Amino acid sequence: MENDVVGELLCVEAELQDVQDQINILLDHQERLYRKQSELKALLEECKTSENEANNNASIAAEDWSGNFEWDSRADDIRFNVFGISSYRANQREIVNAVMSGRDVLVIMAAGGGKSLCYQLPAVLCNGVALVVSPLLSLIQDQVMGLTALGIPAYMLTSTTSKEDEKFIYKALDKGEGEMKILYVTPEKISKSKRFMSKLEKCHNGGRLSLVAIDEAHCCSQWGHDFRPDYKNLGILKVQFPNVPMIALTATATYKVQTDLMEMLHIPKCVKFVSTVNRPNLFYKVLEKSSVAKVVIDEIADFIRQSYPNNESGIVYCFSRKECEQVAKELQERGISADYYHADMDVTAREKVHLRWSKNKLQVIIGTVAFGMGINKPDVRFVIHHSLSKSMETYYQESGRAGRDGLPSECLLYFRPGDVPRQSTMVFYENSGLQNLYDIVRYCQSKRNCRRGAFFQHFGEPLQDCNGMCDNCAYGHEIKEVDTTYHAKVIVSLLRDMQDNEQRATMLQLVDRLKVKMKKLERRIPAYSVCN
Ligand SMILES: Nc1ncnc2c1ncn2[C@@H]1O[C@H](COP(=O)(O)OP(=O)(O)OP(=O)(O)O)[C@@H](O)[C@H]1O
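One structure accompanies this document, and this report is about it. Keep in mind it's a predicted model, so treat the numbers as computed, not measured.

**A short note on the overall build of the chain**
Part 1 of the reasoning: On a plain count of helices and strands, the chain comes out with 21 helices and 13 strands.
Part 2 of the reasoning: C-alpha extents for the chain along the principal axes are approximately 105 × 55 × 50 Å.
Part 3 of the reasoning: A buried classification covers 46% of the 532 residues belonging to the chain.
Part 4 of the reasoning: Taking contacts inside the chain between residues at least 6 apart in sequence as the whole, the part at least 24 apart equals 75%.
Part 5 of the reasoning: When the accessible surface of the chain is totalled, it reaches about 27,600 Å², and 53% of it is carbon and sulfur.
Part 6 of the reasoning: Distance between charge centres in the chain, computed from 66 positive and 69 negative side chains, equals 7 Å.

**Concerning the packing of aromatic side chains**
Part 1 of the reasoning: Across all of its chains, the model carries 15 aromatic pairs by this definition.
Part 2 of the reasoning: Considering the side-chain rings of Trp65 and Phe69, the 6.4 Å spacing of their centres and the 10° angle between planes classify their relative orientation as stacked.
Part 3 of the reasoning: Residue classification places Trp65 among the buried positions, given a relative accessible area of 9%.
Part 4 of the reasoning: With 5.7 Å between their ring centres and 70° between their planes, Phe303 and Tyr308 make a pair best called edge-to-face. Side by side, Phe303 and Tyr308 carry an identical accessibility label, which is buried.
Part 5 of the reasoning: Among the aromatic residues, those joined into a cluster by ring pairs are Tyr284, Tyr395, Tyr396, Tyr443, Phe455 and Phe459.
Part 6 of the reasoning: Across the ring face of Tyr88, the terminal group of Arg79 is positioned such that the distance to the ring centre comes to 4.6 Å.
Part 7 of the reasoning: The positively charged end of Arg451 is found above the aromatic ring belonging to Tyr443, 5.3 Å away from the centroid.

**Observations regarding the environment of Leu234**
Part 1 of the reasoning: Looking at the element boundaries, Leu234 is found in the loop between strand 5 (209-214) and helix 10 (235-240).
Part 2 of the reasoning: Here the alpha-carbon distance between Leu234 and Met264, two residues 30 residues apart in the chain, equals 7.6 Å.
Part 3 of the reasoning: Apart from the residues within four sequence positions on either side, Leu234 is in contact with Val133, Pro187, Ile190, Ile214, Met246 and Leu265.

**A short note on the site of the ligand**
Part 1 of the reasoning: The ligand sits among 14 residues. The nearest are Ser87, Gly112, Lys115, Ser116 and Arg404.
Part 2 of the reasoning: Taking Lys115, its side chain carries an N or O atom lying 2.8 Å from an oxygen atom of the ligand.
Part 3 of the reasoning: In isolation the ligand has 640 Å² of accessible area, and contact with the protein removes 69% of it.
Part 4 of the reasoning: The residue inventory of the shell around the ligand, partitioned by class, reads four nonpolar, seven polar and three charged.

**Topic: the sheet that holds strand 2 (residues 129-133)**
Pairing between the strands of a sheet is mediated by backbone hydrogen bonds and can be parallel or antiparallel.
Part 1 of the reasoning: On the basis of which strands lie adjacent, the open sheet formed by seven strands has the order 3-4-2-5-6-1-7 and parallel pairing. Single-partner strands in this sheet number two, and they are strand 3 (154-157) and strand 7 (271-274). Across the sheet, the mean angle from the axis of one strand to that of its neighbour is 20°, orientation sign disregarded.
Part 2 of the reasoning: Inspection of the sheet shows strand 2 paired to strand 5 by five bridges, in the parallel sense. Bridge pairing in strand 5 places Leu131 opposite Val212.
Part 3 of the reasoning: Helix 9 (residues 194-205) contacts strand 2, strand 3, strand 4 (182-185) and strand 5 of the sheet and is inclined by roughly 135° relative to strand 5.
Part 4 of the reasoning: Contacts from helix 11 (residues 255-264) reach strand 1 (105-108), strand 6 (246-250) and strand 7 within the one sheet, and its direction differs from that of strand 1 by about 150°.

**A look at helix 15 (residues 392-399)**
Part 1 of the reasoning: By the criterion of burial, helix 15 is predominantly enclosed, with eight of the eight residues buried.
Part 2 of the reasoning: Residues Met392, Glu393, Thr394, Tyr395, Tyr396, Gln397, Glu398 and Ser399 constitute the buried set of helix 15.

**Considering unusual backbone geometry**
Part 1 of the reasoning: Look at Asn311: it is not a glycine, yet its phi comes out positive at around 65°.
Part 2 of the reasoning: Following the sequence through the fold, Asn311 ends up in the loop between helix 12 (293-307) and strand 9 (313-317).
Part 3 of the reasoning: Within the chain, Asn360 stands out as a residue other than glycine whose phi angle is a positive 65°.
Part 4 of the reasoning: The topology assignment puts Asn360 in the loop between helix 14 (347-358) and strand 11 (364-367).
Part 5 of the reasoning: A relative accessible area of 35% means that Asn360 is categorised as partly exposed.

**Section: the side chain of Lys238**
Part 1 of the reasoning: If you trace the backbone, Lys238 turns up in helix 10.
Part 2 of the reasoning: A polar side-chain atom of Lys238 sits 2.8 Å from the main-chain carbonyl oxygen of Val244.
Part 3 of the reasoning: The contact partners of Lys238, leaving out residues within four places of it in the chain, are Asp104, Val244, Pro245, Met246, Leu265, His266 and Ile267.

**Here we look at the nonpolar core**
Part 1 of the reasoning: Counting 40 residues, the largest nonpolar core has Ile440 and Tyr443 as its most contacted members.
Part 2 of the reasoning: In terms of residue count, helix 17 (residues 433-445) provides more of this core than any other element does, five residues in total.
Part 3 of the reasoning: For Ile440, the contacting residues outside a window of four places in its chain are Leu388, Ser389, Lys390, Ser391, Met392, Tyr395 and Leu413.

**Thoughts on the environment of Glu179**
Part 1 of the reasoning: With respect to the secondary-structure elements, Glu179 resides in the loop between helix 7 (163-175) and strand 4.
Part 2 of the reasoning: Each C-alpha atom of the pair Glu179 and Gly128 lies 9.1 Å from the other, and the pair is 51 residues apart in sequence.
Part 3 of the reasoning: With near-sequence residues (within four places) excluded, Glu179 lies in contact with Pro153, Tyr155 and Phe168.

**Here we look at the side chain of Ser446**
Part 1 of the reasoning: Here Ser446 is to be found in the loop between helix 17 and helix 18 (451-458).
Part 2 of the reasoning: Taking the relative accessible area as the measure of exposure, Ser446 reaches 15% and is therefore buried.
Part 3 of the reasoning: Here the side chain of Ser446 touches Arg448 through a polar contact of 3.4 Å, landing on its backbone nitrogen.
Part 4 of the reasoning: Polar side-chain contacts of Ser446 include one of 3.0 Å to the backbone nitrogen of Asn449.

**Remarks on the pairing of strand 12 (residues 380-385)**
Part 1 of the reasoning: Along strand 12, six of the six residues are buried, which leaves the element largely enclosed by surrounding structure.
Part 2 of the reasoning: One ladder, built from five bridges, connects strand 9 with strand 12; its direction is parallel. Note on strand 12: the bridge partner recorded for Val316 is Ile384.
Part 3 of the reasoning: Across four bridges, strand 12 lies against strand 13 (residues 409-415) in parallel orientation. The residue of strand 13 that forms the bridge with Phe382 is Glu410.
Part 4 of the reasoning: Regarding the hand of the β-α-β motif, the stretch spanning strand 12, helix 15 and strand 13 is right-handed.

The rules behind each value
- Residues numbered from 1 in each chain as written.
- Predicted model: local features only at pLDDT ≥ 70, side-chain atom pairs only at ≥ 80, totals over all residues.
- Heavy atoms only, no water.
- Helix = DSSP H or I, 4+ residues; strand = E, 2+ residues; numbered from the N terminus.
- Buried < 20%, exposed > 50% of the residue type's maximum accessible area, 1.4 Å probe, protein only.
- Contact = heavy atoms within 4.5 Å.
- Areas by Shrake-Rupley, 256 points an atom, 1.4 Å probe, with all protein chains shown as cover.
- Lys, Arg positive; Asp, Glu negative; His and termini not counted.
- Charge placed at Lys NZ, Arg CZ, Asp CG, Glu CD.
- Phe/Tyr/Trp six-rings, centres within 6.5 Å; stacked < 30°, edge-to-face > 60°.
- Lys NZ or Arg CZ within 6 Å of the ring centre and 35° of its normal.
- Near = heavy atom within 4 Å.
- Polar contact = N/O pair within 3.5 Å; in protein donor to acceptor, adjacent residues only side chain to side chain.
- Nonpolar A, V, L, I, M, F, W, Y, C, P; charged D, E, K, R; others polar.
- Pairing = 2+ DSSP bridges.
- Axes fitted to C-alpha atoms, helices over the stretch in contact; angles between N-to-C directions.
- Core = buried A, V, L, I, M, F, W, Y, C linked by side-chain atoms within 4.5 Å.
- Right-handed = clockwise from strand over helix to strand, strands pointing away.

As structure tokens, this is what we get:
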């Protein structure tokens, strides 16, 4: 009898091993299919793009923006002698040529790729004034300061503009008096100031409006990660000035966002320049986040001390304002030069922190998502996420603030499932909010797939080699397989009970109830221990 049982047990074990082997084969197959699926999706997007462009304007395909143009030598002269740039980066020359040819242009170029030159160079080359719409005051101030230092007459019309400058700007628009090549405004100026719009109209009627640039153009789309209601009204610019070339620029836009913003800005026939989202100098890594807050801070402090002992700049992103302050305080207590930045602080205090950090007087800035657009520091060596972002797109943008100078930099994300419900309550009412959140959760939980590959997949781009620049590709992870069938059954029965009794619970309450129920069951049926 015992022999029979042993024999049967061996058979079952052999069969189980066989099943496991088949599962492994299927998992490999699934991974290959995912890759293929992402490549095919990218191809489909490309086909759609070229099909749309062909439908919109058959001549686009035939146009070659890298050929010779009459402004070539003047453009080279200004690029080199005014901007001090010795050669163009990918797509820059082609974009300048398309704008100079009077076409509307959509530019999608990764952070630090050099988008500003794409409209600033044509602005200097052309007669008249270029209007630039940009979402943030700090961003505008930086740009105007930079251009003024290069000797380019650039101005901004914002709440901080002096009466004297305002008078000069209005005169320049109205009558073409004084020298003004570039004028920066926030989108509110377009939607809210009738006076400004009437002066702009006069500038246009006098043939002096050379081009319109829309920076951070993804803000137009509700499907984007940073929708701004005032951006919705920018379409008026194309309606009022149909013959003035418009250039819309952003670091990220999925196909859906691209289509949406082209529609909002009324530029259906624009020439599109899409550069890769790949940032080869960034190393992406996901770390398991301890449920003990102090442990996480200790780890972050150790990482900064050991990897960046020479005051190299970094950012730590936190979920809430309170958490920012707490993390900053605890890092300070561990001897790290750190301070916080969030929307609850007054503007002066925020600017002070930003300035200290920009000038390397402060090593680490601890920010909420409010510390975002307009951060132009090129030498940020690390971006740490104390909790996960709300989407792949947001994470790409935030982590992308590292290494804009092209030098090796690190992007670390601390993940624990307990942080997911905090985000899900925030994104529940956003367009595709939960779907976007689950995409990044999948990114965090993956122990097999290339992190970089996840970005390519998300932005519908063909896969490129990671060159070992993510944790999964560099060292791989030991994968422990756990059978969770029993847990799943208990969860389902728990949910059924709650449904029958019309009860509601948050995710964390649910976890607590599950723990209690598991304990009860274990006591009753010890064989089904949680460790099973
Ligand atoms: N062709 C070039 N050669 C060398 N440096 C360049 C070139 N074009 C731009 N740069 C420099 O690269 C840096 C980043 O450029 P820019 O600020 O325009 O990037 P961006 O694409 O707007 O990035 P972000 O989306 O992060 O704002 C700037 O210091 C700029 O002077």
